[in-house]
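# Observations on chain architecture
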Amino acid sequence: MTDPTNPATSGHAAVNLAAKLASFDELWAQRTVADVNDYEVKLAKLHGEFVWHRHDDTDELFFVISGRLTIQLRDGDVVLGPGELFVVPKGAEHCPRADEETAVLLLEPAGTSNTGSAPGPRTKLPLRL
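Residues numbered from 1 in each chain as written. Predicted model: local features only at pLDDT ≥ 70, side-chain atom pairs only at ≥ 80, totals over all residues. Heavy atoms only, no water.

A few words on the packing of aromatic side chains. Per the counting criterion, the structure on display carries one aromatic pair. Note on Trp 28 and Phe 50: the rings are 4.8 Å apart at their centroids and 15° apart in plane angle, and the pair reads as stacked. Placement of Trp 28 in the loop between helix H2 (17-22) and strand E1 (31-36) and of Phe 50 in the loop between strand E2 (39-49) and strand E3 (60-66) is noted, with a sequence separation of 22 residues between them. Grouping residues by exposure puts Trp 28 and Phe 50 together as buried. The positively charged end of Arg 74 is found above the aromatic ring belonging to Trp 52, 3.8 Å away from the centroid. (Phe/Tyr/Trp six-rings, centres within 6.5 Å; stacked < 30°, edge-to-face > 60°. Helix = DSSP H or I, 4+ residues; strand = E, 2+ residues; numbered from the N terminus. Buried < 20%, exposed > 50% of the residue type's maximum accessible area, 1.4 Å probe, protein only. Lys NZ or Arg CZ within 6 Å of the ring centre and 35° of its normal.)

Written out as structure tokens, the structure reads:
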């Protein structure tokens, strides 16, 4: 029986980011862990350099959980450590780079392609965990 006051039976439960991150190993593949209105909250593990791309219709939020992430922009780099975030403005060409394995949380509109304006072999829509 569903009890709305019991998270185990009501469908309401906290999202454990560490457990979700431990459930996959693939690099640069986003995993959707929650929805906020028309946005997806996604996790990804990054290592190496991605591709230069832009998102013409949306900003993109990167929040570093562990590791270090460099968001390369055409006019300079933004380096993020654990607990730091950066919002890439819509239309800004960028290339994420992680010199060590890095776990990030991303926030973008549902259905946003990870490679934006540069589709190719690394293009993937997020899987839902």
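What follows concerns the side chain of His 53. Structurally, His 53 can be placed in the loop between E2 and E3. Here Val 51 takes part through its backbone oxygen, which lies 2.8 Å from a polar atom of the side chain of His 53. (Polar contact = N/O pair within 3.5 Å; in protein donor to acceptor, adjacent residues only side chain to side chain.)

Within the fold, Pro 96 resides in strand E7 (residues 94-109). Pro 96 sits 46 residues away from Phe 50 along the chain, and the two C-alpha atoms are 5.6 Å apart.

Moving on, we get to the nonpolar core. Of all hydrophobic cores here, the largest spans 15 residues; its most connected members are Leu 46, Phe 62, Leu 69, Ile 71, Leu 80 and Val 104. Once residues lying within four places of it in the same chain are set aside, the contact partners of Leu 80 are Phe 62, Val 64, Gly 67, Arg 68, Leu 69, Ile 71, Leu 85 and Phe 86. Grouped together as the second largest cluster of nonpolar side chains are eight residues, Val 41, Leu 43, Ala 103 and Leu 105 included. (Core = buried A, V, L, I, M, F, W, Y, C linked by side-chain atoms within 4.5 Å. Contact = heavy atoms within 4.5 Å.)

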